[in-house]
Amino acid sequence: MEKQGGHVMVLTYPAQGHINPLLQFSKRLASKGLKATLATTHYTVNFIQSDAVGVEAISDGFDEGGFMQAPSLEAYLESFQAVGSRTVGELILKFNESASPVDCLVYDSILPWGLSVARQFGIYGAAFWTTSASVCSMYWQLRQGVLSLPVKQEPVPVSMPGLPPLRLSDLPDFLAQPGHLSAYMSAVMEQISTLEQNDWVFMNSFDALESELVKAMSGLWSVAMIGPMVPSAYLDQQIEGDTVYGASLWKPTNDECLGWLETKPPKSVVYISFGSMAEIPVKQVEEIAWGLKESDYHFIWVVKESESGKLPINFLNSMNETGLVVTWCNQLEVLAHKAVGCFVTHCGWNSILEGLSLGVPMVGMPQRVDQPTNAKFVEDVWRAGVRAQKDEEGIVTRKELEKCIKEIMVGERSEEIKRNACMWRQSAKSAVSKGGSSDKNTDEFVGVLLKRGK
Ligand code: UDX
């Protein structure tokens, strides 16, 4: 049997914000001549469609209902490690008996046991970090003992290259909250402690976006910035058919959104979404509703089905043509529409990259984990948006939201913010275009695998 060259298996955590960038990376690799296989759980495998990438099921131990069936995050990660490493191993074995043995396992860094599986088969192992390089650096400093937990000191002693001193509210939330520490911290520390053993550490970011961090990290691990992982059509690239991620865990309502957007003037609509996982307190949902109404702009608001019971009834009745509330949409298509002028976001890393890649200015309303740090960067480093401030109860009031939306749409800094957002769009496009920094890093990796595959 003649061996075909260069096969990469990409292992993803089965959440929307993880599948999207890892599937996208698989497509990029396939477009450069590698055979790419995405391994995802039985529960999510049927939601993924890609002509360019093979998609195979592995098990996390919860084949029927996915992680929603697990009693806790700890229990889920434990089960995934035990059952996942066995079933990923079986999948690699299956390919190794075919004409396309696996040469490298790229695994989602939240599943650090992926490296042991790679080593067991004597193949390359590469971590794919799904949040920002800055957050990665922050966790690294934490592991070095710069911080003691829970963090209470203002300003916090952790330092970030190129950033002024950080406040507690700029840190991932669980570092300051003792109750959240165990599950997240042990998962994060395990991820960080294995990074240096990898053949590559891929970051879904690009050099220009986190330039200071790139310098600071280059001596630590074999870091390669390869992002942004956004379908190439949105970055004016020519990978055939690459117009969508190809994975949606919920049914999008896009005909409705796009039809509605077509009737609105350019840059007149506020798009608001909190990603795939956030659970927003009822009081906050109410404040958002009335803040949107009072700001008096058209809006599309994604409220997931599981959250829709929190919407005030009188708000829904009073919306008329001003707003559209949907349970899920193809976010990229909406952000790319000329009618959208502002993105109110929870600052999940994919949403941030999408906002920057499409040049849409943002209002940051971070909720948890890495999102506060991302919001800090949006406002103070990339200057492509503003961050909404919380009151003493931890709520962004309707007045504050209204103020932030107006700041983006017509405020004193509006023009500067819009200019910066456009500048980041150009920068993102340059990074992934032929010869750009992310494209070169990807080519180097592909080159090594193609050689090994021969
Ligand atoms: C989470 C974390 O917040 C994020 O920082 C981490 O890196 C990955 O996991 P999530 O909270 O879901 O992800 O947010 P985000 O990273 O923004 O990812 C959400 C994805 O869902 C985006 O790619 C977005 O385009 C997509 N989406 C969201 C839709 O396609 N439709 C929607 O209606 C809302």
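Residues numbered from 1 in each chain as written. Predicted model: local features only at pLDDT ≥ 70, side-chain atom pairs only at ≥ 80, totals over all residues. Heavy atoms only, no water.

The name given to the chain in an unreviewed UniProt entry is Glycosyltransferase, and the organism recorded there is Vitis vinifera. Its UniProt record gives the chain the following Sequence similarities (unreviewed entry) comment, quoted word for word: "Belongs to the UDP-glycosyltransferase family." (UniProt positions renumbered as here; feature names shortened; annotations may be inferred.)

Peer 1: Whenever I open this one, the overall build of the chain confuses me. Can you help?
Peer 2: Across its full length, the chain holds 16 helices and 13 strands. By the compact-globule yardstick of 22 Å for 454 residues, the chain fits well, its C-alpha radius of gyration being 22 Å. Looking at the chain residue by residue over its 454 residues, the buried ones come to 59%. Approximately 18100 Å² of the chain is accessible, and the part contributed by carbon and sulfur atoms is 51%. Taking the average location of the 39 positive side-chain charges in the chain and that of its 52 negative ones, the two points are 4 Å from each other. (Helix = DSSP H or I, 4+ residues; strand = E, 2+ residues; numbered from the N terminus. Rg over C-alpha atoms; globule rule 2.2 N^0.38 Å. Buried < 20%, exposed > 50% of the residue type's maximum accessible area, 1.4 Å probe, protein only. Areas by Shrake-Rupley, 256 points an atom, 1.4 Å probe, with all protein chains shown as cover. Lys, Arg positive; Asp, Glu negative; His and termini not counted. Charge placed at Lys NZ, Arg CZ, Asp CG, Glu CD.)

Peer 1: Even after reading the chapter, I still don't get empty space enclosed by the protein, so can you show me in this structure?
Peer 2: Unoccupied space between atoms shows up once a probe the size of one water molecule is rolled over them. Enumeration over the complete set of coordinates arrives at one cavity of 30 Å³ or more. Estimated volume of the largest cavity: approximately 120 Å³. Forming the boundary of the largest cavity are Phe274, Gly275, Ala278, Ile280, Val285, Ile288, Trp301, Val302, Val303, Lys304 and Glu307. Counting only elements with at least two residues in the lining of the largest cavity, the list comes to helix 9 (282-295) and strand 9 (298-302). Taken together, the residues that form the lining of the largest cavity break down as eight nonpolar, one polar and two charged. (1 Å grid on protein atoms, 1.4 Å probe; cavity = no way out; pocket = protein on both sides within 12 Å on 5 of 7 lines; lining within 4 Å. Points joined across faces, edges and corners; volume = space filled by probe spheres on them. Nonpolar A, V, L, I, M, F, W, Y, C, P; charged D, E, K, R; others polar.)

Peer 1: I tried to follow the packing of aromatic side chains on my own but got confused; where do I start?
Peer 2: Both the distance between ring centres and the angle between the ring planes are used here to describe each pair of aromatic rings. The final tally for this structure, using the stated rule, is 25 aromatic pairs. Geometrically, the ring pair formed by Tyr13 and Tyr76 is edge-to-face, given 5.9 Å between the ring centres and 85° between the ring planes. One end of the pair, Tyr13, is in the loop between strand 1 (7-11) and helix 1 (16-31); the other, Tyr76, is in helix 3 (residues 73-96), with 63 residues separating them in the sequence. Tyr76 carries the same exposure label as Tyr13, and that label is buried. Ring pairs connect the aromatic residues Tyr13, Phe62, Phe67, Tyr76, Phe80 and Trp113, which therefore count as one cluster. Taking NZ or CZ as reference, Lys94 lies 5.4 Å from the ring centre of Phe95, over its face. Above the plane of the ring of Trp260 lies Lys264, whose end atom (NZ or CZ) is 4.3 Å from the centre. (Phe/Tyr/Trp six-rings, centres within 6.5 Å; stacked < 30°, edge-to-face > 60°. Lys NZ or Arg CZ within 6 Å of the ring centre and 35° of its normal.)

Peer 1: So what exactly am I meant to see when it comes to the sheet that holds strand 1 here?
Peer 2: Pairing within the open sheet is parallel, and its seven strands lie in the order 3-2-1-4-5-6-7. Edge positions in the sheet fall to strand 3 (54-58) and strand 7 (223-225), since each of these pairs with one other strand and no more. On average, adjacent strands in this sheet sit at an angle of 25° to one another, irrespective of strand direction. In this structure, strand 4 (residues 104-108) lies alongside strand 5 (residues 124-129), joined through five bridges in parallel fashion. Within strand 5, the residue paired with Asp108 across the bridge is Phe128. Sitting on the sheet, helix 3 touches strand 1, strand 2 (35-41), strand 3 and strand 4, and the angle it makes with strand 3 is about 130°. (Pairing = 2+ DSSP bridges. Axes fitted to C-alpha atoms, helices over the stretch in contact; angles between N-to-C directions. Contact = heavy atoms within 4.5 Å.)

Peer 1: What is the right way to read the nonpolar core from this model?
Peer 2: Generally speaking, soluble globular proteins have nonpolar side chains that are buried together. By size, the foremost hydrophobic cluster in this structure holds 97 residues, and its most contacted members are Met9, Leu11, Val88, Tyr271, Ile300 and Trp382. Residues contacting Tyr271, with those up to four places away along its chain left out, are Ile300, Val302, Cys329, Gln331, Val334, Leu335, Val340, Cys342, Phe343 and Val344. (Core = buried A, V, L, I, M, F, W, Y, C linked by side-chain atoms within 4.5 Å.)

Peer 1: Honestly, the pairing of strand 2 in this entry has me stumped. Any pointers?
Peer 2: Consecutive side chains of a regular strand alternate in pointing toward one face of the sheet and then the other. Among the seven residues of strand 2, six are classified as buried, and the element is accordingly described as predominantly covered. Remark: the strand 1/helix 1/strand 2 crossover connection has right-handed handedness. Note that strand 2 and strand 3 share five bridges and pair parallel. Directly across from Thr37, in strand 3, lies its bridge partner Gly54. (Right-handed = clockwise from strand over helix to strand, strands pointing away.)

Peer 1: For this particular structure, what's the right way to read helix 1?
Peer 2: What sets the pattern is the α-helix's 3.6 residues per turn: residues three or four places apart point alike. Over its 16 residues, helix 1 runs 22 Å from end to end, which matches the ideal 22 Å to within 8%, given 1.5 Å per residue. The element helix 1 is largely enclosed, with a buried count of 14 among its 16 residues. (Expected span 1.5 Å × (residues − 1).)

Peer 1: What exactly am I supposed to notice about the environment of Leu29 here?
Peer 2: Tracing the chain through its elements places Leu29 in helix 1. Judged by its relative accessible area of 0%, Leu29 is buried. In this view, Leu29 contacts Val8, Leu34, Thr442, Phe445 and Val446; residues no more than four positions away in its chain are not counted.

Peer 1: Teacher, can you tell me more about the confidence of the model for the chain here?
Peer 2: Atom-level detail of predicted coordinates should not be read off regions where pLDDT is low. Averaged over all residues, the pLDDT of the chain is 92; the fraction at 70 or higher stands at 98%. For this predicted complex, the interface confidence reaches an ipTM of 0.98, while the overall pTM sits at 0.96. (pLDDT = per-residue confidence, 0-100.)

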